[in-house]
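# Tertiary structure, described
Residues per chain are reported as follows:
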Amino acid sequence: MPQKTARRAGRRATARRFTRRDIAVLGVLLGIPVLLDIVIVWGPALASVGLSFTSWDGIGDIHWVGGDNYENLVEDYPAFWPAVRHNLLWIAFLGLVATPFGLFLAVLIDRGVRFSRFYQSVLYMPVVLSLAVVGFMAQLLLGTDQGVVNTILDNRNDPVDWLGDSSINLWMMMLAASWRHTGYVMILYLAGLKSVDPALKEAAAIDGANERQTFFRVTLPTLRPVNVIVGVITVIEALRAFDIVYAVNKGRNGLELLSVLITDNIIGEASRIGFGSAIAVFLLAVSLGFIVTFLVQELRGAREK
Amino acid sequence: MSRRNLLRGAAVGAGAVTLPALLTGCGDGPGGNKNEVTVGSNASDAVPKKAFAAAFDAYEKQSDKKVKVNTTEHNEFQQNITRYLQGSPDNVFMWFAGYRMQYFAEKGLLIEISDVWEDFKGFSPALKEQSTHEGKQYFVPYYYYPWAVFHRKSLFEKQGYEQAKNWDQFIALAKKMHKDGTPVAFCDKDGWPAMGTFDYINMRLNGYDFHKSLMAGEEAWTDQKVKKVFDLWRELMPYYQKGALGRTWEEAGQGLQQRRTGMAVFGMPHPGSQFPVDERDDIDFFAFPEIDPQFGQDAVEAPIDGFLIAKKSRNVEGAKDLLAWLGTAEAEDVYLKGDPNNVAVNDGADTAKYSPLQKKSAELVSKAKHISQFLDRDTRPDFAQTVMIKALQDFISNPKDVDGLVNSIERQKKDIFST
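What you are looking at is a predicted structure, and each value in this text was computed from that prediction instead of being measured.

Criteria and cut-off values
- Residues numbered from 1 in each chain as written.
- Chains lettered and ligands numbered in written order.
- Predicted model: local features only at pLDDT ≥ 70, side-chain atom pairs only at ≥ 80, totals over all residues.
- Heavy atoms only, no water.
- Helix = DSSP H or I, 4+ residues; strand = E, 2+ residues; numbered from the N terminus.
- Expected span 1.5 Å × (residues − 1).
- Buried < 20%, exposed > 50% of the residue type's maximum accessible area, 1.4 Å probe, protein only.
- Arc of directions from axis to C-beta.
- Contact = heavy atoms within 4.5 Å.
- Core = buried A, V, L, I, M, F, W, Y, C linked by side-chain atoms within 4.5 Å.
- Salt bridge = Lys/Arg side-chain N within 4 Å of Asp/Glu carboxyl O.
- Polar contact = N/O pair within 3.5 Å; in protein donor to acceptor, adjacent residues only side chain to side chain.
- Nonpolar A, V, L, I, M, F, W, Y, C, P; charged D, E, K, R; others polar.
- Pairing = 2+ DSSP bridges.
- Axes fitted to C-alpha atoms, helices over the stretch in contact; angles between N-to-C directions.
- Parallel < 35°, antiparallel > 145°, perpendicular 65-115°, else oblique.
- Phe/Tyr/Trp six-rings, centres within 6.5 Å; stacked < 30°, edge-to-face > 60°.
- Right-handed = clockwise from strand over helix to strand, strands pointing away.
- pLDDT = per-residue confidence, 0-100.

### Re helix α17 (residues 356–367) of chain B
Residue and element names in this part refer to chain B. Helix length check: α17 (12 residues) gives 17 Å between terminal C-alpha atoms against 16 Å at 1.5 Å per residue, within 8%. Within α17 the residues assigned to the buried category are Leu357, Gln358, Ser361, Leu364 and Val365. Angular distribution of buried residues about the axis of α17 spans 120°; they occupy a single face of the element. Exposed residues pointing more than 90 degrees away from the buried face of α17 are listed as Pro356, Ser366 and Lys367. Contacts from the buried residues of α17 go to β6 (140–144), β9 (283–286), β10 (299–301), α16 (329–338), β12 (343–344) and β13 (370–372).

Structure, rendered in structure tokens:
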């Protein structure tokens, strides 16, 4: 109790130290970012939620249609559920295959393989490319008639349709996206591994832990902050995957993703802005789900410390 | 520096950064120059771009006005058209005839040019109809290109193939080509090339009128007639080259040129622009074969491209003057000198310099009773873009489930046409 009053008193004291001008200056400085945040981030997000209950072609009047868009989306729109599945698969693939592989490479390089600098730069190279560029490269490699892979396989009479066959193309795209993602993750983990105190490992070794135990029980837990960053990056990369599938086949025929459906409906002559917004709101909900889970876990983790 | 000064400095800095941006946002910019007409062009490919430049040069020479062309990559142009027309469009812009023009006229985004049309000579009533919405003209047609079954003359001679007149002959020909290792070319990675085949089978089987009302959303896609279209199409599927969904139209055109495939349902520029100049005389075509004798081959798919004026155009007078010139036969002659893959719409155009292929195209269209545009130009853009592309791609990858397919199209059609 006394502590509390003391704090309150302290606050009153500091408040008095600000003149009116200070408050004005602070108000402007805080106000501008808040305003920008509202205008640039929250405004469009809330506008999307609002528009998702309407029908609008971008030119004429906006009609209120209630939940029709959502109903049509779930029941009639054949691309919707595949897109949801593909998005989840994308997250799973990056999270369960590409990210662990990046960690694996980081550990290998950190242990000092020969030519490790060389591997490091080679593996990091794709990170500087835009995903759209990776998509164009994938087309050069995997094209049906003129692609490098089919030319090497020499199967002109029965070409594998790497990009057109809807049972393969998504996997090819996830591989191509992983090519870049792995390097990214590797660099982050390399930085993390360099900062792990070698004394910890020595202590573990003295306690009789083998290398595996040392890694999973000692090294990995000390990498916790890096793990969180990598986790967030993985989810974000997966959810914003768009450029690569759009570059390859406009995100159609097996490469549907929620982001593509939004673009397809809103951009272009179609201009089904209400319907597209409904998909956007769904994607927003999915993203918020991941972000909130992360934040809750983070806050809980921080409190436990 | 005290903290207060720092804060003040930061506030002034923030203002300095944001204010100019806000101010320029309000400004109206310089007004239009009356002696300069700007043209929004979607002709981003090399051949048409050069040909258009020649046409505008000719206009500059015979008038005292300047033409400034702003070219945008054609897909991008199409993607942004709605926003383009509502933003600050060029004085004149390139676009398509038919429903896609009427849609913007309906929305009040175009300027009526009936007065320009009064002086036009050499346009058929069918062309005028394609340029008209509710009795008013909005569009100046410039050229068209027919869709047909294209092939290499030399390959047909060598293999003893004969052009097909009806569906049975067509299937027999496709079967033979497939057996000879030069299957029928097929591609739909871009999402639209397959639409041409759908349009033709539907028009040959059910007639132009049914096709038109199906596109207008007035017929049910679950109709037995539509299912029959897909059933017929499926007969052709085994003889197509594999991997259509991974192939662009450019690749399919090159396959035809390299004699790896026997024939393709295409529009004239598609094989035309993939053949080297000295092999262009080897391209030939035949009209899409007859299916129901009642309709014969009376309809031809021939998309028309041309020019329009946006409502927000800043120099309407100059724009109309340019359009009046573009509607003359002379203007089309200048263009077609540089682009052998299209055909003039104006009857007065000089056909003496036409290639045999252009002559044949002009003949094909002039004999037609009905001219269709193309699936994505004959129906609502939102329906074509968000429903039909996926539906046809689904059909190509799984041709068996026609019932499921047409039910899904019909449900989505109802959702879209009801808004």
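And the narrative resumes.
### Digging into the nonpolar core
In this structure, Phe93(B), Phe198(B), Phe230(B), Trp233(B) and Phe307(B) are the most contacted members of the largest nonpolar core, which totals 139 residues. For this core, the element with the most residues is helix α19 (residues 381–397) of chain B, which contributes 9 residues. Residues within four places of Phe93(B) in sequence aside, it is in contact with Gly40(B), Phe77(B), Ile81(B), Tyr84(B), Leu85(B), Leu110(B), Gly306(B), Phe307(B), Leu308(B), Ile309(B) and Ala310(B). In terms of nonpolar packing, the next biggest core, distinct from the first, is built from 42 residues, Ala98(A), Leu163(A), Met172(A) and Leu261(A) among them.

### A closer look at the interface of chain B and chain A
Listed per partner, the contact involves 44 residues of chain B and 43 residues of chain A. Across the chain B-chain A interface, the total number found is 3 salt bridges. Between Lys107(B) and Asp57(A) there is a salt bridge, with its nearest N and O atoms 2.4 Å apart. At the junction of chain B and chain A, the tally comes to 12 residue pairs in polar contact (both at pLDDT 80 or more). Secondary structure elements with two or more residues in the side of chain B that touches chain A: α1 (3–26), α3 (74–79), α4 (81–86), α5 (99–106), α13 (249–257), α19 and α20 (402–417) of chain B. Taken together, the residues of the side of chain B that touches chain A break down into 13 nonpolar, 15 polar and 16 charged.

### What to know about the pattern of salt bridges
All names here are of chain B. Inspection of the entire model under this criterion finds 21 salt bridges over all chains. Notably, a salt bridge pairs Asp282 with Arg152, separated by 2.7 Å at the nearest N-O pair. Highlighted residues: Asp282 in the loop between α14 (269–272) and β9 and Arg152 in strand β7 (residues 147–152), separated in sequence by 130 residues. Of the two residues, Asp282 and Arg152, both sit in the buried class.

### Quick look at the sheet that holds β7(B)
Residues and elements named next belong to chain B. Strand order in the open sheet formed by 3 strands is β8-β7-β9, with antiparallel pairing between adjacent strands. Each edge of the open sheet carries a strand with a single partner, namely β8 (263–267) and β9. Averaged over neighbouring strand pairs, the angle between their axes works out to 45° when direction is ignored. In the packing of α13 onto the sheet, the strands contacted are β7 and β8, and the crossing angle to β8 comes to about 135°.

### Here's the deal with the packing of α19(B) against α20(B)
Residues and elements named next belong to chain B. Closest axis-to-axis distance for the α19/α20 pair is 10 Å, and the angle between their directions is 175°. If you check the angle between α19 and α20, you find them roughly antiparallel. The residues of α20 that touch α19, namely those facing Asp382, Phe383, Thr386, Val387, Met388, Ala391, Asp394 and Phe395, are Val402, Leu405, Ile409, Gln412, Lys413, Ile416 and Phe417. Residues that form the contact of α19 with α20 fall into these classes: 10 nonpolar, 2 polar and 3 charged.

### Looking at the packing of aromatic side chains
Given two aromatic rings, one states the distance between the centres and the angle between the planes to describe the pair. Under the criterion given, the structure shown has 48 aromatic pairs over all chains. With centroids separated by 5.1 Å and ring planes inclined at 90°, the aromatic side chains of Tyr77(A) and Phe275(A) adopt a geometry described as edge-to-face. Note that Tyr77(A) is positioned in the loop between α3 (68–75) and α4 (80–110) and Phe275(A) in helix α14 (residues 273–304), a separation of 198 residues in sequence. Phe275(A) sits in the buried class, given a relative accessible area of 4%. Arranged with centres 5.1 Å apart and planes meeting at 80°, the rings of Phe215(A) and Phe216(A) form a pair that is edge-to-face. Exposure remark for Phe215(A): the relative accessible area of 17% places this residue in the buried category. Ring pairing ties together the aromatic residues Phe186(B), Phe198(B), Trp221(B), Phe230(B), Trp233(B), Tyr240(B), Phe383(B), Phe395(B) and Phe417(B), which thus form one cluster.

### Some details on the sheet that holds β6(B)
Residues and elements named next belong to chain B. Taking strand neighbours across the sheet as the criterion, the 6 strands line up as β2-β1-β3-β11-β6-β12 in an open arrangement whose pairing is mixed. Each of the sheet's edge strands pairs with one partner strand only, and the pair in question is β2 (66–71) and β12. Bridge analysis of strand β1 (residues 36–41) against strand β3 (residues 92–96) gives 2 bridges, and the strand direction is parallel. Each residue of the ladder has a partner; that of Val39, found in β3, is Val92. Along the sheet, helix α2 (residues 46–62) contacts β1, β2, β3, β6 and β11 (304–308); its crossing angle with β2, the most-contacted strand, is approximately 160°. Contacts from α16 reach β6 and β12 within the one sheet, and its direction differs from that of β6 by about 35°.

### Concerning the pairing of β1(B)
Most of β1(B) sits out of view: 5 of its 6 residues are buried. With α2(B) bridging β1(B) and its parallel neighbour β2(B), the resulting β-α-β unit is right-handed.

### Digging into unusual backbone geometry
Of note in this structure, Lys250(A) is not a glycine but carries a positive phi near 60°. Here Lys250(A) shows up in the loop between α12 (243–249) and α13 (258–266). Judged by its relative accessible area of 26%, Lys250(A) is partly exposed. Unlike most non-glycine residues, Arg259(B) shows phi in positive territory, near 60°.

### Quick word on the confidence of the model for chain A
All names here are of chain A. With 94% of its residues at a pLDDT of at least 70, chain A reaches an overall mean of 86. Per-residue pLDDT, averaged within each element of chain A, yields its smallest value for helix α1 (residues 2–17) (52) and its largest for α4 (93). Contacts of residues 1–7 to residues separated by more than four positions or lying in other chains number 0 contacts, the stretch itself having pLDDT below 50.

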